[in-house]
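# Observations on chain architecture
So the chains spell out like this:
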Amino acid sequence: MPFPVYRPRRLRESPLLRSMVRETSLRIDDFVYPLFAVHGRGVREPISSMPGQYRLSIDELLKECKDAASMGIPAVLLFGLPRDKDPRGTEAYAEDGIIQQAVRAVKDTIPDLLVITDVCLCEYTDHGHCGALDDDGAVDNDATIELLAQAAVSHARAGADLVAPSDMMDGRVGAIRAELDSEGLQATPILAYSAKFASALYGPFREAADSTPGFGDRRGYQMDPANGREAVREALLDVQEGADMVMVKPALAYGDVIAAVKRATNLPVAAYNVSGEYAMVKAAATAGYIDERAAVLEILTSLRRAGAEVVISYHAKDAARWMAERR
């Protein structure tokens, strides 16, 4: 008897069989929508390098959150722009800081929407680096993690559902976990930016958050894009220190890292589809070079296929709308 012939076309053309063998599906409840909060009222300032994205005062931010929640997007990731900056990023951990105010407003208005807060100092320091500086002008790792722990506690007290340290300081997850626990906030999970690479794709974000370093760069504490093995080691260290979820950032060129981190940690993995990735798609679509809808859904699906359970993307609202339309 001849061997049976494998006919993959038969699987592709049968809706029933296709649904049975499909390994990856992108769902609206995979998404986290990043937003930028500023002081003031009625502020909806376009971000020129990120078409469709805005710096938002809290009243406008609430409109975006309500819209996202109504589409089935389960979570937002909040970044804050302070009124004033200083060398130690004081507003990052102030009880009346912009993020603390934004968290309270969102949780009071849309309590079922998960609020994740970025824990870093780069938006708040007058030098633009992710931590406090020592006398020689270098980032002081140990002094910085104390400030980050204070910021995380202030976010959790305001009502944040998860805190997400993005600074890449050594030991910061352990310091934040210890500080949260000592303040009675044991139930607050940590989403660690574990594999954050020194990427060329952060430029639009730095415009949005006004966080470009005033001197030097961040290669001393962010990771070499060529070193995937270090990403796994960093993720495992964060898990040992108490991370509940880990993140890979950027996402589009790092599917191999997402997969490796998922295999190594067996924890939920988030992929951050960053500002430069968003801006490239928007620019190409505007020029007519690509179909934006098809490209976005393909990219986001690829992140799920790589192993990410959570997809952080500025495309989230557009993708949710397109996915709802094709149901």
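The structure under discussion appears in the preceding block.
Reading the values: the criteria
Residues numbered from 1 in each chain as written. Predicted model: local features only at pLDDT ≥ 70, side-chain atom pairs only at ≥ 80, totals over all residues. Heavy atoms only, no water. Helix = DSSP H or I, 4+ residues; strand = E, 2+ residues; numbered from the N terminus. Buried < 20%, exposed > 50% of the residue type's maximum accessible area, 1.4 Å probe, protein only. Contact = heavy atoms within 4.5 Å. Areas by Shrake-Rupley, 256 points an atom, 1.4 Å probe, with all protein chains shown as cover. Pairing = 2+ DSSP bridges. Right-handed = clockwise from strand over helix to strand, strands pointing away. 1 Å grid on protein atoms, 1.4 Å probe; cavity = no way out; pocket = protein on both sides within 12 Å on 5 of 7 lines; lining within 4 Å. Points joined across faces, edges and corners; volume = space filled by probe spheres on them. Nonpolar A, V, L, I, M, F, W, Y, C, P; charged D, E, K, R; others polar. Salt bridge = Lys/Arg side-chain N within 4 Å of Asp/Glu carboxyl O. Core = buried A, V, L, I, M, F, W, Y, C linked by side-chain atoms within 4.5 Å. Phe/Tyr/Trp six-rings, centres within 6.5 Å; stacked < 30°, edge-to-face > 60°. Lys NZ or Arg CZ within 6 Å of the ring centre and 35° of its normal. Expected span 1.5 Å × (residues − 1).

A tally of helices and strands in the chain yields twelve helices and ten strands. Of all 327 residues assigned to the chain, the portion counted as buried reaches 56%. Pairs at least 24 residues apart make up 73% of the contacts formed inside the chain by residues separated by at least 6 positions. For the chain, the exposed surface amounts to about 14700 Å²; the carbon and sulfur share of it is 50%.

Along any regular strand, the residues point their side chains to alternate faces of the sheet. Taken across its five residues, strand β8 (residues 245-249) has five buried, putting it largely inside the fold. The sheet contact formed by β8 and strand β9 (residues 269-273) spans three bridges and is parallel. Bridged to Val246 within β9 is Val269. The parallel pair β8 and β9 is bridged by helix α9 (residues 255-265), and the resulting crossover is right-handed.

All right, on to the layout of surface pockets then. The gaps left among the atoms become clear once a water-sized probe is rolled over them. In this structure, the largest pocket spans a volume of roughly 150 Å³. Looking at the largest pocket, it is lined by 17 residues, and the ones nearest its centre are Tyr33, Gly52, Gln53, Glu64 and Lys317. If you list the elements that add at least two residues to the lining of the largest pocket, you get β1 (31-38), β3 (54-57), α10 (275-286) and α12 (316-325). In terms of residue class, the lining of the largest pocket is made up of nine nonpolar, two polar and six charged.

The tally for this structure, following the rule as stated, stands at 19 salt bridges. Asp30 serves as the salt-bridge partner of Arg27, at 4.0 Å between the closest nitrogen and oxygen. In this structure, the salt-bridge partner of Asp238 is Arg172, at a minimum N-O distance of 3.3 Å. Note that Asp238 is positioned in helix α8 (residues 228-241) and Arg172 in helix α6 (residues 172-182), a separation of 66 residues in sequence.

Further remarks concern the nonpolar core. Phe31, Leu61, Leu78 and Ile176 are the most contacted members of the largest nonpolar core, which totals 82 residues. Considering each element in turn, this core owes the most residues, nine residues, to helix α5 (residues 141-158). Among all residues touching Ile176, those that are not within four sequence positions of it are Val119, Leu148, Ala149, Ala152, Val163, Pro165 and Ile190. Counting residues in hydrophobic clusters, the runner-up holds 26 residues, among them Val38, Leu77, Ala208 and Ile312.

Before going further, it helps to spend a moment on the packing of aromatic side chains. The description of two aromatic rings rests on the distance between their centres and on the angle between their planes. On inspection of all chains with the given rule, the structure shows six aromatic pairs. Linked through ring pairs, Phe36, Phe79, Tyr193, Tyr272, Tyr278 and Tyr314 together constitute an aromatic cluster. Over the aromatic face of Tyr54 sits the side chain of Arg44, whose NZ or CZ is 4.5 Å from the ring centroid.

A separate point is helix α3 (residues 58-70). Its 13 residues give α3 an end-to-end C-alpha distance of 18 Å, which sits within 8% of 18 Å, the value for a rise of 1.5 Å per residue. Within α3, the full set of buried residues consists of Ile58, Asp59, Glu60, Leu61, Leu62, Glu64, Cys65 and Ala68. Against the buried residues of α3 lie β1, β2 (44-46), β3, β4 (75-81), α4 (98-109) and α12. Once α3 finishes, Gly72 follows within two positions and takes phi at roughly 95°, a positive value.

Now for α9. Listed as buried for α9 are Val257, Ile258, Ala259, Ala260, Val261, Lys262 and Thr265. Elements in contact with the buried residues of α9: β7 (191-196), α8, β8, β9 and α11 (292-306). Asn266, located one to two residues past α9, shows a positive phi value of around 55°.

Moving on, we come to the environment of Ala294. Considering the arrangement of structural elements, one finds Ala294 in helix α11. For the pair Ala294 and Trp322, spaced 28 residues apart in sequence, the C-alpha separation works out to 9.5 Å.

That bond from Lys249 to Pro250 is cis: its omega, -5°, falls within 30 degrees of zero. The topology assignment puts Pro250 in the loop between β8 and α9. Phi at Asn266 takes a positive value of approximately 55°, unusual for a residue other than glycine. Examined against the element boundaries, Asn266 turns out to sit in the loop between α9 and β9. Judged by its relative accessible area of 64%, Asn266 falls in the exposed class.

To continue, consider the side chain of His155. Assignment of secondary structure puts His155 in helix α5. Filtering out sequence-adjacent residues up to four positions away, His155 remains in contact with Ala92, Ile99, Gln100, Val103, Thr117, Asp118, Val119, Ala160 and Val163.

Of all the six residues making up β7, six are buried; the element is thus mostly covered by neighbouring parts of the structure. Both β7 and β8 contribute to a ladder of four bridges, which runs parallel. In the sheet register, Lys196 faces β8, and the bridge partner there is Lys249.

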